Amino acid sequence: EVTLVESGGDSVQAGGSLRLSCKVSGFVLCMGWFRQAPGKAREGVAAIGEQGKTYADSVKGRFTISKDSDSNTLFLQMDDLKREDTATYYCAADSRLGPCVYYDQPGFKHWGQGTQVTVSA
């Protein structure tokens, strides 16, 4: 089985930065970050796989997804945060071999519990 545990969520002022972490137990080839704001649908943020990284247009240039294989940890570096970034952030993963993109939510079989990010103006 695969287990994911997010951490790093916090309250921050607009323009600030946060780094989210996701500790992974088990073997995965595709990992991603998703978020859900109150009253809105869950949306893909970023993904990283064997072929590279993909980002949603709303975070492109501000967020960076990365991973540390030694510690089996996924990261999301968030810079220049905006009020609209406020949401519960979830990490997700899958062990499949194939395309790994931020918008393919059904492709991610394993999910973390979420961590809250609040950006105040």
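Residues numbered from 1 in each chain as written. Predicted model: local features only at pLDDT ≥ 70, side-chain atom pairs only at ≥ 80, totals over all residues. Heavy atoms only, no water.

1. Re the side chain of T86
Where we set the bar: A run of DSSP states H or I qualifies as a helix once it reaches four residues; a run of E qualifies as a strand once it reaches two. Both are numbered from the N-terminal end. Whenever two N or O atoms come within 3.5 Å, that pair is a polar contact, provided that in protein one can donate a hydrogen and the other can accept it, and provided that, for residues adjacent in sequence, both atoms are side-chain atoms. For this analysis, residues touch if any pair of their heavy atoms sits within 4.5 Å.
Structurally, T86 is set in the loop between β8 (73-78) and β9 (87-94). Of note is the side chain of T86, whose polar atom sits 3.0 Å from the backbone oxygen of R83. Among the polar contacts listed, one links the side chain of T86 to the backbone nitrogen of V119, at a separation of 2.9 Å. Those residues in contact with T86, other than ones at most four positions away along the chain, are A37, Q116, V117, T118 and V119.

2. Details of empty space enclosed by the protein
Picture a little ball the size of a water molecule; that probe, rolled over the atoms, points out where space is still empty. Convention followed: Each cavity reported here is a set of points on a 1 Å grid over the protein atoms alone in which a 1.4 Å probe fits but cannot get out, each pocket an open set with protein on both sides within 12 Å along at least five of seven lines, and each lining residue one with an atom within 4 Å of a point. Grid points are joined across faces, edges and corners, and a volume is the space filled by probe spheres set on the points. All amino acids are sorted into three groups, where Ala, Val, Leu, Ile, Met, Phe, Trp, Tyr, Cys and Pro are nonpolar, Asp, Glu, Lys and Arg are charged, and the leftover types, Gly among them, are polar.
Applying the stated rule across the entire model yields one cavity of 30 Å³ or more. There is about 40 Å³ of room inside the largest cavity. In terms of lining, the largest cavity is formed by L29, C30, G49, E50, Q51, R96, L97, G98 and C100. Considered class by class, the residues forming the lining of the largest cavity number four nonpolar, three polar and two charged.

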